[in-house]
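What the coordinates show
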Amino acid sequence: MPSVKLVDIVKRFGSITAINRLSMEIPDEEYICILGPTGSGKTTLLKLIAGLTIPDEGEIYIDDKPAIAVPAEERGAVYVPQQYALFPHLTVLENVAFGPLAHGVNEQEALRTAREMLEMMKLGHRADSKIDELSGGMQQRAALARGLATKAKLLLLDEPLGALDARLRVELRYKLRKLAKDSGVTTIHVTHDQAEATAISDRIAVLREGRIRQYATPFHIYMKPQSLFVAHFVGGANFLQGVVVKRQPEESVLELHQALRISVRDTTHLPAEEVVVVIREDRVNIAESAEQVEPDRYNIIEGEIQSSRFLGDFVNHQIRLANGDILTSKTPTQRLEKPMPVGKGVVVYFKPSDTMVYSYPPIGLSRELRVL
Amino acid sequence: MPHVRIVGLTKRFGSITALEDVNLDIREKEYVSVIGPSGCGKSTLIKCIAGIVAPDEGKVFVDAHAIGNVPIQHRRIGYVFQEIALFPHMKVFENVSYGPRVQGQGPQSAKALVEELLNLVKLGGRADSFPLELSGGAQQKVAVARALASGSALLLLDEPFGALDAKVRADLRYEVRKMTADLGLTVLHVTHDQEEAMSISDRVVIIKGGRIIEAGTPIELYLRPKMIFTANFLGEANFLEAKVVQEAPGGCIVQIGDMRLQSLDRTRRVGEEVIIAIRPEFMSIAEGSGGENCLMGRVVGIRFMGYAVRYEVEIAGGRTIYVEHPLCFGELEIELLDEVAVTTSPHHVMVYSMPELGLEKELQLE
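Being a predicted model, the structure only gives us computed values, none of them experimental.

What follows concerns the overall build of chain A. Along chain A, the regular secondary structure elements total nine helices and 20 strands. When the backbone C-alpha atoms are referred to their principal axes, chain A occupies close to 75 × 50 × 35 Å. Within chain A, the proportion of its 372 residues that are buried is 46%. The long-range fraction of contacts in chain A, counting pairs at least 24 apart against all pairs at least 6 apart in sequence, stands at 65%.

Pasting the structure below:
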């Protein structure tokens, strides 16, 4: 039920600033994902809210009350760390029941809740196993079940699905969201997996080097990323360098490498400005020849297939354009007979309205996009 | 003779059978991925080939030679595993040259080889770094370079990207794939990640309970899986109980509640109780409340997924199905609680016999 508010939080470890003047508000009952690469400060942020570490500067409010002076166990939160910290000498059921027992629930009720949570985590059949008989993924689910069983109103989950196999991970992420929503808790879920964050959160906070780069709904982050880094980290995209050559009332014309010109739906950048144009992979279309494309609605560029990769629901192609730039496309498998062969000549086409234009970053494009 | 031939491989640990009568041929220069749920035996398989685990029965042939009695250090097989296992006190150069030096290569030829390999994994400038000064992805590339230094044409990869962030992982898999293709290596790659396996492999092998249950090209296995487990393991699918009610040209008609769909499956007889499986992205959704060849229902959930929107639809009879609509097909004006018709093409309706142990048990991921 609680809301959480962070104001100007700074946390340093020696000479490293792990969290750098970070402010954010998490409303009651929301499901928030903290998303960022390794070393971006995600776990530190979670520990600050949990009360396991104290900020050097700033204030934390839980339900509008200052929380920094409140000990971890009195914050009404349950923190499920990446390292599960289960009791090896207890059974799975006893481990999970420990959560509610420690919160003063009577034994019968604790066991009932524990069984319920184990069922949900698909561990009902292992209730009587010892912890070390479980695989890593099962242990992680047991730890998660123990956290959920406390019925705390604020769930702080550090990579709760990180140790699971890819397929199980997808299945359980939806369950996790549903459980949190059904029970009306506030959830803060740390992950490095952008697909997971997009699929289940109400809002995503994209973290990099201890700062929030964007905090918005998944829709907003995908459709209107505030920076090149966010566009790259969430959703995947193509990045092409160019210069504005003409600004018109609704569109501009950019010149890419080797004087290749494209139209973009952007008028905020001035002629001669160096820019980066971003095109989401799923908005890059491929056709065998230009005759199949309406010329007045699309940018049409000739190219050659460089690689094709079948991903199941989608096929990725890399296309080398006539000017040497490389675009990646993501086509629904439904739309393709079969992947295009490497070396095939094609045209790629995309709408001016499916582009996003950013100023060329002062630190350089590759550093701006760097994930580690 | 293929590059690698595995014949009747069986391995037991106490009362647990980790591998049971596994047979597999891997052609020269082929990239084969082995996937399966945790505990299925995939790691044991690769360890048997590497020589870390001795099988109870069966043989492994490499280049037509049985290697059962060849000790690990003489197998000359490159092996990379999930836990990054570089020597932390040695520089990158020393890590990569370790094998050749132990094998008695002179410092000059070892140096040339290591430089070539580090350039190959795009770490040419980092020979003098210590492993911990590199990112996780770069460390794993050093491990690949070290494995290749053995000079083997066979590379075994055991969850090599498992410890890395999602984004780094996706980039690295393509880099490694390209490198092994350029070098003409034969690769056996164990992973739990079906997308990783499909995106880079010539052939995918599915293991469950210590047995190979199915193998094929990624497209074959994804679009036309023979086993219901494969259909679920390689990607999401909607599974519905149905009954074959009619033969149809080139296939059959199945009934789900009072709704009917066409399938291209010709192996079914009328009256058979079956499970049908349809992937969420192969279904289309439209407002409406009638029609042939469709599932009728009500939208009970809508999630934005980035490239697609995921609709949760409750169909007649109370079952829930998921439909994924790619946004590059345009946005839909469908709202919560709308009545909708869900359609699909007959070749996306996969039909399976009712599993003996029940559907849930059959689909279990571990």
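A word on the overall build of chain B. Scanning chain B for helices and strands turns up ten helices and 20 strands. C-alpha atoms of chain B, sized along the principal axes, occupy 80 × 45 × 35 Å. Relative to its 366 residues, chain B shows a buried fraction of 45%.

Take the domain arrangement of chain B next. We note that the domain assignment places domain 1 (4-230) and domain 2 (237-354) within chain B. Each of domain 1 of chain B and domain 2 of chain B has a C-alpha centre, and the two are 39 Å apart.

This next bit is on the interface of chain B and chain A. Many descriptions give the size of an interface as the accessible area lost when the pieces come together. Tallying the contact residues gives 35 residues for chain B and 31 residues for chain A. Among the elements of the structure, helix 5 (136-148), helix 6 (166-183), helix 7 (194-200), helix 8 (218-223) and strand 16 (294-304) of chain B are those that each provide at least two residues to the side of chain B that touches chain A. For the side of chain B that touches chain A, the element with the highest residue contribution is helix 7 of chain B, accounting for four residues. Along the lines of polarity and charge, the residues of the side of chain B that touches chain A split into 17 nonpolar, ten polar and eight charged.

The next point concerns the sheet that holds strand 2 (residues 16-26) of chain B. Within a sheet, neighbouring strands are paired by backbone hydrogen bonds and run either parallel or antiparallel to one another. Residues and elements named next belong to chain B. What the four strands build is an open sheet, ordered 2-1-4-5; its pairing is antiparallel. Every interior strand has two partners, whereas the edge strands, strand 2 and strand 5 (65-66), have only one. Strand direction decides the pairing type here: strand 1 (residues 4-13) and strand 4 (residues 57-62), joined by five bridges, are antiparallel. Note that in strand 4 the partner of Val4 across the bridge is Val62.

Bringing helix 5 (residues 166-183) of chain A into the picture now. Residue and element names in this part refer to chain A. The end-to-end C-alpha separation of helix 5 is 26 Å, in line with the 26 Å expected for 18 residues at 1.5 Å each. Three or more residues of helix 5 are buried, namely Arg167, Leu168, Arg169, Leu172, Arg173, Leu176 and Ala180. Of the residues trailing helix 5, Gly184 is marked for its positive phi of about 70 degrees.

On to unusual backbone geometry, then. Residues and elements named next belong to chain A. At Glu159, a residue that is not glycine, the phi angle is positive and equals roughly 45 degrees. The phi angle at Gln258 is positive, at roughly 55 degrees, despite the residue not being glycine. In this fold, Gln258 is placed in the loop between strand 12 (252-255) and strand 13 (261-264). Taking the C-beta count within 10 Å as the criterion, Gln258 has 10 such neighbours and is therefore assigned exposed.

Residues and elements named next belong to chain B. If you walk across this open sheet you meet the six strands as 6-7-8-3-9-10, and the pairing is mixed. If you trace the sheet from one side to the other, it starts and ends with strand 6 (78-81) and strand 10 (211-216), each paired once. For this sheet the average axis-to-axis angle between neighbouring strands, irrespective of direction, equals 15 degrees. Where strand 3 (residues 31-35) lies against strand 9 (residues 203-208), four bridges are found, and the strand directions are parallel. By the bridge assignment, Val34 is partnered in strand 9 with Val205. Contacts from helix 5 reach strand 6 and strand 7 (154-158) within the one sheet, and its direction differs from that of strand 6 by about 160 degrees.

Turning our attention to the nonpolar core. Grouped together as the largest cluster of nonpolar side chains are 104 residues, with contacts concentrated most on B:Ala145, B:Leu156, B:Val254, B:Ile276, B:Ala277 and B:Val342. Of the residues forming this core, the biggest block, seven residues, is contributed by helix 5 of chain B. Setting aside residues up to four positions removed in sequence, B:Val342 forms contacts with B:Met283, B:Ile285, B:Cys294, B:Leu295, B:Gly297, B:Val313, B:Ile321 and B:Val323. Core analysis: the next-biggest nonpolar cluster, separate from the first, contains 98 residues, A:Ala163, A:Ile188, A:Ile305 and A:Leu327 among them.

The subject of this paragraph is helix 5 of chain B. In an α-helix, one turn spans 3.6 residues; hence positions three or four apart end up facing the same way. End to end, helix 5 of chain B covers 19 Å across 13 residues, agreeing with the expected 18 Å (1.5 Å per residue, within 8%). In this structure, the buried residues of helix 5 of chain B make contact with strand 6, helix 3 (92-102), helix 4 (107-120), strand 7 and helix 6 of chain B.

Parsing chain A into structural domains produces domain 1 (4-230) and domain 2 (238-361). Computed from C-alpha coordinates alone, the two centres of domain 1 of chain A and domain 2 of chain A are separated by 39 Å.

Before going further, it helps to examine the pairing of strand 19 (residues 339-344) of chain B. All names here are of chain B. Of the strand pairs in this sheet, strand 15 (residues 283-287) and strand 19 are connected by five bridges, and their pairing is antiparallel. When the bridges of strand 19 are listed, Ile285 appears paired with Val342. Relative to strand 19, strand 16 runs antiparallel, the two sharing five bridges. Pairing of Gly297 across the sheet is with Val340, part of strand 19.

Now for the environment of A:Val230. Inspection of the secondary structure puts A:Val230 in helix 8 (residues 228-233). With 22 residues separating them along the chain, A:Val230 and A:Arg208 place their C-alpha atoms 9.5 Å apart.

As a further point, take the packing of helix 2 (residues 92-102) of chain A against helix 3 (residues 107-120) of chain A. All names here are of chain A. Interhelical geometry of helix 2 versus helix 3 gives an angle of 120 degrees and a closest axis separation of 8 Å. Judged on the interaxial angle alone, helix 3 and helix 2 are oblique. As helix 2 runs across helix 3, the sense of the crossing is right-handed. Facing Val92, Leu93, Val96, Ala97, Pro100 and Leu101 of helix 2, the residues of helix 3 in contact are Glu107, Glu109, Ala110, Leu111, Thr113, Ala114, Arg115, Met117 and Leu118. Partitioning the contact of helix 2 with helix 3 into residue classes produces eleven nonpolar, one polar and three charged.

Residues and elements named next belong to chain A. Alignment of strand 11 (residues 237-247) against strand 14 (residues 274-280), held across seven bridges, turns out to be antiparallel. Directly across from Val243, in strand 14, lies its bridge partner Glu274. Once strand 11 ends, the chain turns through four residues before running back antiparallel as strand 12.

Moving on: the confidence of the model for chain B. It should be kept in mind that the predicted coordinates are not to be read in detail where pLDDT is low. When the pLDDT values of chain B are averaged, the result is 91; 99% of them are 70 or greater. As a predicted assembly, this complex carries a pTM of 0.91 together with an ipTM value of 0.89.

The subject of this paragraph is the environment of A:Glu255. All names here are of chain A. Positionally, Glu255 belongs in strand 12. The partly exposed category is assigned to Glu255, around which 15 C-beta atoms lie within 10 Å. Here the alpha-carbon distance between Glu255 and Val245, two residues ten residues apart in the chain, equals 6.4 Å. The contact partners of Glu255, leaving out residues within four places of it in the chain, are Gly242, Val243, Val245 and Arg261.

What counts, and at which threshold
- Along each chain, residues carry numbers from 1 onward, in the same order as the chain's sequence is written.
- Key to labels: chains lettered from A, ligands numbered from 1, both in the order written.
- Residue-level local features of this predicted model are given only where pLDDT is at least 70; pairs of side-chain atoms are given and counted only at 80 or more, and the full residue set underlies all totals for whole chains, interfaces and linings.
- A run of DSSP states H or I qualifies as a helix once it reaches four residues; a run of E qualifies as a strand once it reaches two. Both are numbered from the N-terminal end.
- The burial criterion counts other C-beta atoms lying within 10 Å of a residue's C-beta, which is placed from the backbone; the residue is buried at 20 or more, exposed at 12 or fewer, and partly exposed between these limits.
- Contact between two residues is assigned whenever their backbone-derived C-beta positions fall within 7 Å.
- Domain limits in this description derive from either an automatic procedure or a database domain assignment.
- For this scheme, ten residues count as nonpolar: Ala, Val, Leu, Ile, Met, Phe, Trp, Tyr, Cys and Pro. Four count as charged, namely Asp, Glu, Lys and Arg, and the remainder, Gly too, count as polar.
- Two strands form a pair only when DSSP identifies at least two bridges running between them.
- Each helix should span, by expectation, one fewer than its residue count multiplied by 1.5 Å.
- Fitting a line to C-alpha atoms yields each axis, with helices limited to the stretch in contact; the angle taken between N-to-C directions then spans 0 to 180 degrees.
- Note on definitions: a nonpolar core is a set of buried residues drawn from Ala, Val, Leu, Ile, Met, Phe, Trp, Tyr and Cys, linked by C-beta atoms within 7 Å.
- Between 65 and 115 degrees an angle is taken as roughly perpendicular, under 35 as roughly parallel, over 145 as roughly antiparallel, and anywhere else as oblique.
- Left-handed describes a crossing in which the near helix is turned anticlockwise from the far one by less than a right angle; the clockwise case is right-handed.
- Every residue gets a pLDDT, meaning the predictor's confidence in that residue, from 0 to 100.

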